[in-house]
Amino acid sequence: MSATLASHQHGKSHVRLGRVWRTGDVHHFVELRVHTMLESDMAHAFLTDSNAGMTATDTQKNCVYYVAKQFTSPCSPEEFGLALAQHFVREYPQTVWKAKVAVEMMPWRRLDVGGQLHDHGFMMQGSEIRTAYVTFDSKGKAEITAGLKDLKVLKTTQSGYSGFLHDKYTTLPDVGDRIVATSVTATWRYSQPPASYDAAYGAVKAALCSAFYGPPKGGVFSPSVQFTLYRMGQAALARVPQVESVFLNMPNLHFIPCAPVTSSFDNDVYLATSEPHGNIEAVVTRGTAAPHCRL
Ligand SMILES: O=c1[nH]c(=O)c2[nH]c(=O)[nH]c2[nH]1
């Protein structure tokens, strides 16, 4: 059967990265999803068993992290895309004649606390959905559960994770400084109706956020998602007296330290990933019942 290789290209899709630039205590953060595609002299790889000279898609992925490292100050997605496309064409002039780069920038925005910008706290714009679950029975009893889901919050420092069990299955190192990011699902039950459901919702959300981020200057340290989750629940109970219990689910959306080829990790370039992710949840209620804690 006679056939012709009419066109060809190869690239890497969904290369996710976090990039932090630290200017003293004030951090800048972007999360990008990058897709690369190279038009190159690689017809032989389709027509024969030779891969000679090929810029492997894995190498293209590494170049995304490498180029992110080269930016010493915050860049736009356009500037990043151009730098990466130029990198491919200039680094591999023998084979690559055109590089095509698509960049998607996640809508993380610096947290604004009543007009004061947070040093290192970011929230995904418009991410959360407000929820309500209501039952009413024939005896006239109503139960109201309010909530939110998909509230995406992130901080670029004031988080660590250490002292956990290290055994022969453990590869994760202790870390004193990391990015912590999660997508909060919270539901809370009212023991009696608050004066305003809208105001109570706003107060619970503000309490959850302030326990997660801490003050705009300096923040608050989180030794684990578990620790922070419990403080968030406590804060919601303290803020709204009609709330009797809070359920919180907080996946740990990992940003894994990434040392691009030829350079070191300086709390700057991260591989962003959501699968697999940690998943942490608890119910926090009023009162002093002994916790299920054997330590
Ligand atoms: O805050 C964390 N809690 C965990 O349970 C956990 N597990 C893990 O691998 N990283 C983390 N981080």
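As a starting point, this report considers the structure included with it. (Residues numbered from 1 in each chain as written. Predicted model: local features only at pLDDT ≥ 70, side-chain atom pairs only at ≥ 80, totals over all residues. Heavy atoms only, no water.)

### Concerning the packing of helix 2 (residues 57-70) against helix 3 (residues 77-91)
Note the threshold: To get an axis, a line is fitted to the C-alpha atoms, and for a helix only the part in contact is used. The angle between two axes follows their N-to-C directions and goes from 0 to 180 degrees. For helices the rule is a DSSP run of H or I covering at least 4 residues; for strands it is a run of E covering at least 2, with both sets numbered from the N terminus onward. Any angle that is under 35 degrees is reported as roughly parallel, and any over 145 degrees as roughly antiparallel; angles of 65 to 115 degrees are reported as roughly perpendicular and all others as oblique. Crossings are sorted by hand: turned counterclockwise from the far helix by less than a right angle, the near helix makes the crossing left-handed, and turned clockwise it makes it right-handed. Working rule for contacts: check all heavy atoms of both residues, and any pair within 4.5 Å makes them a contact. Amino acid classes used here: Ala, Val, Leu, Ile, Met, Phe, Trp, Tyr, Cys and Pro are nonpolar; Asp, Glu, Lys and Arg are charged; the rest, including Gly, are polar.
At their nearest, the axes of helix 2 and helix 3 sit 10 Å apart, and the two run at 125° to each other. On the basis of their axis angle, the class for helix 2 and helix 3 is oblique. Where helix 2 crosses over helix 3, the handedness of that crossing is right-handed. Along its contact with helix 2, which presents Gln60, Cys63, Val64, Tyr66, Val67 and Ala68, the element helix 3 presents Phe80, Ala83, Leu84, His87 and Phe88. Here the contact of helix 2 with helix 3 is composed, by residue class, of nine nonpolar, two polar and no charged.

### Overview of the pattern of salt bridges
Let me state the cut-off plainly: Basic side-chain nitrogens of Lys or Arg form a salt bridge, by our definition, when they fall within 4 Å of a carboxyl oxygen of Asp or Glu. Only protein chains enter the accessibility calculation, which uses a 1.4 Å probe; a residue whose area is less than 20% of its type maximum is buried, one above 50% is exposed, and one in between is partly exposed.
Evaluated as defined, the whole model comprises 12 salt bridges. With its nearest N and O atoms 2.6 Å apart, the salt bridge here joins Lys205 to Glu128. Of the two residues, Lys205 sits in helix 4 (residues 197-213) while Glu128 sits in the loop between strand 5 (116-124) and strand 6 (129-136), which places them 77 residues apart along the sequence. Look at Glu128 and you get partly exposed, because its relative accessible area is 23%. Salt bridges linked by common partners bring Lys69, Asp266 and Asp268 together as one network.

### As for helix 2
The condition is simple: One fewer than the residue count of a helix, multiplied by 1.5 Å, yields its expected span.
The end-to-end C-alpha separation of helix 2 is 20 Å, in line with the 20 Å expected for 14 residues at 1.5 Å each. Within helix 2, burial applies to Gln60, Cys63, Val64, Tyr65, Val67, Ala68 and Lys69. Against the buried residues of helix 2 lie strand 1 (15-23), strand 2 (26-40), helix 3 and strand 11 (269-272).

### Some remarks on the sheet that holds strand 11
Here is the rule: Strand pairing is assigned whenever DSSP detects at least two bridges linking the two strands.
The strand order 3-2-1-11-10 describes an open sheet built from five strands, whose pairing is antiparallel. Each edge of the open sheet carries a strand with a single partner, namely strand 3 (96-105) and strand 10 (255-257). Ignoring which end each strand starts from, the neighbouring axes of this sheet average 35° apart. Sheet topology places strand 1 next to strand 2; nine bridges connect them, and they run antiparallel. From the neighbouring strand, Leu17 faces strand 2, where its bridge partner is Leu32. Its contacts with the sheet place helix 2 against strand 1, strand 2 and strand 11, and it is angled at close to 15° to strand 1. Strands in contact with helix 3 are strand 1, strand 2 and strand 3; relative to strand 3, the strand with the most contacts, it is inclined by about 155°.

Read these as geometric descriptors, not functional statements.
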